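So the chains spell out like this:
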Amino acid sequence: MQVYRSSILDFDTDGALRYLPDGLLFIENGKVKNLGHFDDLIHQASEQNIIDYRQNIIMPGFIDTHVHYPQVDVIASYGEQLLDWLNQYTFPTEESFKDPSIAEETAHFFINELLRNGTTSALVFASVHKTAVDAFFKVSESYNTRMICGKVMMDRNAPDALCDEAEQSYIESKALIEQWHDKGRQLYAVTPRFAITSTPEQLEYAGKLLKESPDVYLQTHLSENKDEIRFTMELYPDRENYLDVYDHYGLLGKKSIFAHCVHLQESEYKRLAQTQSKISFCPTSNLFLGSGLFDLQQSEQHDVATSVATDVGAGTSFSLFRTLSEAYKICQLNGQKLDARKAFYMATLGNAKALSLDHLIGNFDVGKEADFIVLDLESTPLLTRKYKKSDDLDELLFSLMMLADDRAISRTYIMGECRYTKESE
Ligand code: GUN
Ligand code: ZN
């Protein structure tokens, strides 16, 4: 058993903040054994087991619901919007993932980068190559991180070297599901890139995979960019709208996560809600590619569960702090508010719920997997100054949301094991 003494912050299932200024967190066999005030629980701990993080705040690890691991080297590519950005930068880079050694090296870098930023779980696009998915899951297994990943299915409108073929994409995805879904902490997502790069036949196969394995995930992109929507409707002229393309092939459901959703019609919100499908809001990506301003209020009013995500490499940061900060600014431009409590709820338990993983991760309920981060409240001179002048917790949290980044992550724990320590610690 290991016991941590610290300020401890998480959220209950209704999104209410729980804060222990001087708390004890008990971890046994990688899971939360107990949590409470120091004074109430100190008699259960023996002195030598206590690790002292009283200078810090312990929080559940962040969760990223949409990110591309082969796009580490695409980040910060100049000048284009979505379709040109894909053709000029992204597709050529993803071609190199045919080489398993490039895939493995990048997967290592990527997971390390997540941990440096306090992200402990993610829903991840691989490339079209089956071996790139194997490489990712192997690396994730070696860190014991809970990850969801899938082989990209794409059989048109991309370079030949990056296209599969409809039946082949089914066979390879099927083999990957059998090999990796629910193996330890690894989970599988059926991953048609988006409607533009799949033939109707391939989307049919994606639907077949979901029917045959109902507990795997579905991840794709939806309504990110106006030219993308126009092209999609040219390719699928019989469908009512963009979402209806995916709906027609049976791709909606409570384990289906649609990234972006910047330009949805009323009927698309309604259908997402009806099918309990989920949205990934990707603020830094939407701003970087000039895609548009996501409307959080609309998605909430329609009762569509909305998560937050980095979308690296169109997204410009692995940090959920940075992501929440840009989310705040997008809400401002829409005349909406996003307070820090709600933002940090989204990045932790809210995202866990969106991924149907809230029975396992997302807060410190007894029995949950112990993925958590130790925050450095004095990671920069400015944050130190803000921290010292903060009158209450909300002010402090909002300062972190606006100003913190990877430097504020002092340590990251996976299943109770410290897997990242900041160099200066
Ligand atoms: N739509 C289809 N593929 C992609 C991708 O790789 N990134 C983003 N942001 N949008 C996409
Ligand atoms: Zn994406």
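Residues numbered from 1 in each chain as written. Chains lettered and ligands numbered in written order. Predicted model: local features only at pLDDT ≥ 70, side-chain atom pairs only at ≥ 80, totals over all residues. Heavy atoms only, no water.

Let us look at a negative patch on the surface. A surface patch of like charges, here negative, comprises Glu 165, Glu 167, Glu 201 and Glu 204. The partly exposed category is assigned to Glu 165, whose relative accessible area is 39%. (Patch = residues over 30% accessible without salt bridge, like charges linked within 9 Å, V, L, I, M, F, W, Y side chains within 5 Å. Areas by Shrake-Rupley, 256 points an atom, 1.4 Å probe, with all protein chains shown as cover. Salt bridge = Lys/Arg side-chain N within 4 Å of Asp/Glu carboxyl O. Lys, Arg positive; Asp, Glu negative; His and termini not counted. Charge placed at Lys NZ, Arg CZ, Asp CG, Glu CD. Buried < 20%, exposed > 50% of the residue type's maximum accessible area, 1.4 Å probe, protein only.)

Quick look at the confidence of the model for the chain now. In this model, the chain carries a mean pLDDT of 98, and residues with pLDDT of at least 70 account for 100%. Prediction confidence for the complex, expressed as pTM and ipTM, is 0.98 and 0.99 respectively. (pLDDT = per-residue confidence, 0-100.)

Once that is clear, we can look at the nonpolar core. Of all hydrophobic cores here, the largest spans 122 residues; its most connected members are Tyr 69, Phe 110, Phe 136, Val 190, Phe 344 and Leu 400. Ranked by the residues each element gives to this core, the list is headed by helix 13 (residues 340-354), at eight residues. By size, the runner-up hydrophobic cluster in this structure holds 13 residues, among which are Leu 20, Leu 25, Phe 372 and Tyr 413. (Core = buried A, V, L, I, M, F, W, Y, C linked by side-chain atoms within 4.5 Å. Helix = DSSP H or I, 4+ residues; strand = E, 2+ residues; numbered from the N terminus.)

Every protein donor of the zinc ion (ligand 2) is accounted for by His 66 (NE2), His 68 (NE2), His 221 (NE2) and Asp 311 (OD), and the metal-donor separations fall at 2.0 to 2.4 Å. Along the chain, the residues donating to the zinc ion (ligand 2) are arranged with the sequence spacing H-x1-H-x152-H-x89-D. On the criterion of sequence distance, the pair formed by His 66 in strand 5 (residues 62-68) and His 221 in strand 10 (residues 217-222) is long-range, its members being 155 residues apart. By relative accessible area, His 66 is classed as buried at 1%. (Donors = N, O, S within 2.8 Å, 3.2 Å for Na, K, Ca; no water.)

Moving on, we come to helix 9 (residues 266-274). All buried positions along helix 9 are accounted for by Glu 268, Tyr 269 and Leu 272. For helix 9, the angular spread of the buried residues around the axis is 100°, confining them to a single face. Residues of helix 9 that are buried make contact with helix 8 (242-248), strand 11 (256-260), strand 12 (278-281) and helix 11 (296-301). Phi for Gln 276, located one or two positions after helix 9, is positive at around 60°. (Arc of directions from axis to C-beta. Contact = heavy atoms within 4.5 Å.)

Let's shift gears to the site of ligand 1. For ligand 1, the full set of nearby residues is His 68, Gln 71, Leu 82, Trp 85, Leu 86, Arg 193, Phe 194, His 221, Glu 224, His 260, Asp 311 and Ala 314. At 3.5 Å, a side-chain N or O of His 260 approaches a nitrogen atom of ligand 1. Protein coverage of the free-state accessible area of ligand 1, which is 280 Å², stands at 100%. Top contributing element to the shell around ligand 1 by residue count: helix 2 (residues 82-95), with three residues. Here the shell around ligand 1 is built from residues that sort into five nonpolar, four polar and three charged. (Near = heavy atom within 4 Å. Polar contact = N/O pair within 3.5 Å; in protein donor to acceptor, adjacent residues only side chain to side chain. Nonpolar A, V, L, I, M, F, W, Y, C, P; charged D, E, K, R; others polar.)

Here we take up the environment of Asp 99. Residue position: Asp 99 is located in the loop between helix 2 and helix 3 (100-116). Spatially, the C-alpha atoms of Asp 99 and Leu 41 are 52 Å apart, while their sequence positions differ by 58 residues. Only 2.8 Å separates the side chain of Asp 99 from the side chain of Ser 101, close enough to count as a polar contact.

What follows concerns the side chain of Ser 256. Within the secondary structure, Ser 256 sits in strand 11. Once residues within four sequence positions are removed from consideration, Ser 256 is found in contact with Leu 218, Leu 251, Ser 277 and Lys 278.

Here a disulfide denotes one covalent bond, and it connects the sulfur atoms of two cysteines. Tallying each qualifying case throughout the model produces zero disulfides. Among the cysteines around Cys 163, which has no disulfide bond, Cys 149 carries the closest sulfur, lying 19 Å off. Residue classification places Cys 163 among the partly exposed residues on the basis of a relative accessible area of 24%. (Disulfide = S-S within 2.5 Å.)

In space, the seven strands of this open sheet follow the order 3-2-1-4-14-15-16, with mixed pairing throughout. Because the sheet does not close on itself, it has two edges, and the strands there are strand 3 (31-37) and strand 16 (417-421). Averaged over all pairs of adjacent strands, the angle between their axes in this sheet comes to 35°, without regard to strand direction. For strand 2 (residues 17-28) and strand 3, the ladder comprises six bridges, and the chain directions are antiparallel. From the neighbouring strand, Leu 25 faces strand 3, where its bridge partner is Leu 35. Contacts from helix 3 reach strand 15 (409-414) and strand 16, with the element oriented near 120° to strand 15. Packing against the sheet, helix 15 (residues 393-403) makes contact with strand 1 (2-11), strand 2, strand 4 (50-60) and strand 14 (372-375), and its axis sits at approximately 70° to strand 2. (Pairing = 2+ DSSP bridges. Axes fitted to C-alpha atoms, helices over the stretch in contact; angles between N-to-C directions.)

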